[in-house]
Amino acid sequence: MAQEILQEIVVGILVGGVYALMAVGLTLIFGVLDIINIAQGVLVILGAYLSYSLSTKAHIDLFVGLLITIPVMFIIGVVIHWAFIRRLRGTERTAMTLLVTYAVALIIEGILYKLYGANDVSLTASYTGTSVHVFGFYLPWIYVYGFILAVVLVVAVYALLYRTRFGRSVRATMQDETAARLVGIDVNRVAALTFGIGVAVTAAGGMVYGATSAFNPNSGYDLISRLLAIIILGGLGSIGGALAASVFMLVVESVVTIWSPDWAIAVFYAALVVVLLVKPTGFFGRKEVRAQ
Amino acid sequence: MSKVLKGVGLLALIAIVIAFPQVYTNPAVTNYGVFALIYVTAASGWNIFSGNTGYISLGQAVFYGSGAYAMGIAARDWNITGTTVFALLPLSMAVGALIAVPFGLAALRVRRHTFIVITIAFFFIFQLMAFNFSFTGGSSGLGSPFLNWPAATYNIPFYYIALAFAAGTVAIAWLVRRSRFGLQLRAIRDDEDRARGLGVRAMRVKLSAFVISGAITAGIGAVWFYYINQVEPQTGFDPLFDLTLVLMAFLGGYGSISGAVLGALIIEPLTLWLNTQPAFSGGSLSEILLGGIFLIVVLFLPRGIIPTGGELITRFRTRGRAAIAPATAMGSNPRTAPAPSSIGGGASGGAQ
């Protein structure tokens, strides 16, 4: 039993790392643009389908294919921001951005249905079916590789934010957009690039997601609700919070699976509600700004 | 003058909706009417809470599905059949109201994005409960008792029940808007902290509106269930339902009573019709189209049809002269012309 729980905790941490990668993109977008990108879930699925096409049509290895899919998703993100997001202003912006990103999600989902059909597919490679045996645990290789990839990319995003001039302007915009504008930061450019980066990480997240579970164009909804729960729990706009919350939530879900796979996801959302009853700003959230 | 016109218009509208199923007796047509009225009710119910308070709820399907399940479970366990089942509607509404209390107490502690996400979380918890409990029938859902009405007129009683719900909801929305309670709600929407400072008991007021909206949505959910004869976890608790309500309200005009009605009357028949077209089979094209409408609304009609239309009419009527035109420095600017009054957002009235 103890061994079983330990196994599930390790699995939870590994999967949590991948969710952290997707959640970091979402929370980064929120921090800079003050919007929730509902399309993030379906963008992950789009990333998974891109990898699927590359691996089945062009026989490119999943991880090598990321060299193509990440830039493609970055461009898609910048285009979405340019075409729709940057135009939104005014008092009902919260609801408006929600609607716009949801509309984008619907359109992408419809296109994916047209192109790939409604059947479940999954990404396969030599390392998706085999496991490694360490310390008495059986861990599928893809979980291990996926976790390593997620860590590398999260560190890369972190370095970008805290070690570069661009990152400094991103953080300045997150703290106070008006002040950032006043000191000469091109806030629109920062917003566009941030949206692009936030979407680009979904390419990697989608690849690992698709290699660990079957997916169809509709899978984005399940994913976005989990990601939203994670970034709210971590505190909106907090990158460290997103990391901690991903691992926490996925470990909880994974451990509950031992007793009841059916209820695991309900416990996931119940954990969110309970934590917010105690601490409405999440683990690492800043105090909410007065008024709207 | 304009009051008389409005009264006449309203009477004409009432006459048309009452006569509709008598004139168009084809069940395929009355079916459109029933669904449109169901969504008029649901969108107006959403609007009573979200339109007035500014808290965007994406958890209305919790009430819709719970109302449907409450009726189904009660009818099954108490062996109620035939038209007596309609006597369970108040029960469904009570269940909706009861669920809204703990749901609201937990969710209304947080604002804006966080509130939206909490409502989504509640939604998923309820859907999972419907899937996993045994008394809900699991993934195959529940069937309703059988009604041995002839197919040709089957829809008509449902049409009038849905119409009664829709009219009642619009009346409640109107009463809320005119009341002190409605003023308090809109004060919260404009600036909750200031409203609280001025003595509005924010939590109590928000929760009341949430409960009203929950009861209405649960009631119409039960009507929907008996109409289509079954409910499954993914149809009763449908994420698209929530977003459709928001889209309807925004298309018509966020926060306005007639806006929610108009949005529902446009979108629901349109989506029903699209789903019957062979060119759109499989749903993917209609999805793309729905998304496209969404984008057009938000980008080009950001305030919705009713406010934008009202503005155009005002501009048309007053073209060439200043609107109310006492030639003061302020009046000389046509942009300060009175807002398209009664049906507009009403956001300015609240907190000052």
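Analysis parameters
Residues numbered from 1 in each chain as written. Chains lettered and ligands numbered in written order. Predicted model: local features only at pLDDT ≥ 70, side-chain atom pairs only at ≥ 80, totals over all residues. Helix = DSSP H or I, 4+ residues; strand = E, 2+ residues; numbered from the N terminus. Rg over C-alpha atoms; globule rule 2.2 N^0.38 Å. Buried ≥ 20, exposed ≤ 12 C-beta atoms within 10 Å, placed from the backbone. Contact = placed C-beta atoms within 7 Å. Axes fitted to C-alpha atoms, helices over the stretch in contact; angles between N-to-C directions. Parallel < 35°, antiparallel > 145°, perpendicular 65-115°, else oblique. Left-handed = near helix turned anticlockwise from the far one by under 90°. Nonpolar A, V, L, I, M, F, W, Y, C, P; charged D, E, K, R; others polar. pLDDT = per-residue confidence, 0-100. Pairing = 2+ DSSP bridges.

Now for the overall build of chain A. A tally of helices and strands in chain A yields 11 helices and two strands. Counted from the first residue to the last, chain A has its helices and strands arranged as α-α-α-α-β-β-α-α-α-α-α-α-α. Computed over C-alpha atoms, the radius of gyration of chain A comes to 19 Å, within 12% of the 19 Å expected from 2.2 N^0.38 for 292 residues, which places it in the range of a compact globule. With the C-alpha coordinates aligned to their principal axes, the bounding extent of chain A is approximately 55 × 50 × 35 Å. Among the 292 residues that make up chain A, the fraction classed as buried is 53%. The long-range fraction of contacts in chain A, counting pairs at least 24 apart against all pairs at least 6 apart in sequence, stands at 77%.

Attention shifts here to the packing of helix H9 (residues 220-234) of chain A against helix H10 (residues 239-259) of chain A. All names here are of chain A. Close contact between H9 and H10 brings their axes to 8 Å; oriented N to C, the two are set at 120 degrees. When the axes of H9 and H10 are compared, the pair comes out oblique. The two elements H9 and H10 cross, and the hand of that crossing is right-handed. Of the residues in H10, those in contact with Ala 229, Ile 230, Ile 231, Leu 233 and Gly 234 of H9 are Gly 241, Ala 242, Ala 244, Ala 245, Ser 246 and Met 249. Of the residues that constitute the contact of H9 with H10, the class distribution is eight nonpolar, three polar and no charged.

With that settled, the discussion passes to the interface of chain B and chain A. Each side of the interface is counted separately: chain B has 39 residues, and chain A has 41 residues. Every element with two or more residues in the side of chain B that touches chain A is listed here: helix H5 (112-132), helix H8 (192-197), helix H11 (239-252) and helix H13 (284-300) of chain B. A total of 12 residues in the side of chain B that touches chain A trace back to one element, the largest contributor, which is H5(B). Its residues assigned to classes, the side of chain B that touches chain A comprises 25 nonpolar, seven polar and seven charged.

Let's shift gears to the confidence of the model for chain A. Here chain A shows a mean pLDDT of 83. Residues at 70 or above account for 96%. Contacts of residues 288-292 of chain A to residues separated by more than four positions or lying in other chains number seven contacts, the stretch itself having pLDDT below 50.

Turning our eyes to something else, we now look at the environment of B:Ala166. All names here are of chain B. Mapped onto the elements of the fold, Ala 166 is located in helix H6 (residues 155-178). Expressed as a C-alpha distance, the spacing of Ala 166 and Ile 220, which sit 54 residues apart in the sequence, is 8.8 Å. In this structure, Ala 166 is in contact with Leu 37, Val 40 and Thr 41, ignoring residues within four places of it in sequence.

Structurally, B:Ile125 is set in helix H5. For B:Ile125, a count of 22 C-beta atoms within 10 Å puts it in the buried group. As a C-alpha pair, B:Ile125 and B:Phe237 span 112 residues in sequence and 10.0 Å in three-dimensional space. B:Ile125 has contacts with A:Ala266, A:Tyr269 and A:Ala270, leaving out every residue within four places of it along the chain.

Our next topic: the pairing of strand E2 (residues 137-140) of chain A. Residue and element names in this part refer to chain A. Bridge count between strand E1 (residues 131-134) and E2: four bridges; the pairing is antiparallel. Paired with His 133 across the two strands is Tyr 138, which belongs to E2. As consecutive antiparallel partners, E1 and E2 are separated by two residues, and within that stretch Phe 135 has a phi angle of approximately 50 degrees, a positive value.

Glycine aside, a negative phi is what most residues show, and trans is what most peptide bonds show. All names here are of chain A. Of note, Asp 34 is a non-glycine position whose phi angle comes to about 60 degrees, a positive value. Relative to the helices and strands, Asp 34 resides in the loop between helix H1 (2-33) and helix H2 (40-57). By C-beta crowding, Asp 34 is classed as partly exposed, having 18 other C-beta atoms within 10 Å. Its identity is not glycine, yet His 59 carries a phi of approximately 55 degrees, on the positive side. Topologically, His 59 is positioned in the loop between H2 and helix H3 (62-83).

To continue, consider the packing of H6(B) against helix H9 (residues 202-228) of chain B. Geometrically, a packed helix pair is captured by the angle between its two axes and the distance between the axes. Residue and element names in this part refer to chain B. Packing of H6 against H9 leaves a shortest axis separation of 10 Å and a crossing angle of 170 degrees. Taken as axis vectors, H6 and H9 run roughly antiparallel relative to one another. Facing H6, whose interface residues are Phe 158, Ile 161, Ala 162, Phe 165, Thr 169 and Ile 172, H9 presents Ile 212, Ile 216, Gly 219, Ile 220, Val 223 and Tyr 227. In terms of residue class, the contact of H6 with H9 is made up of 10 nonpolar, two polar and no charged.

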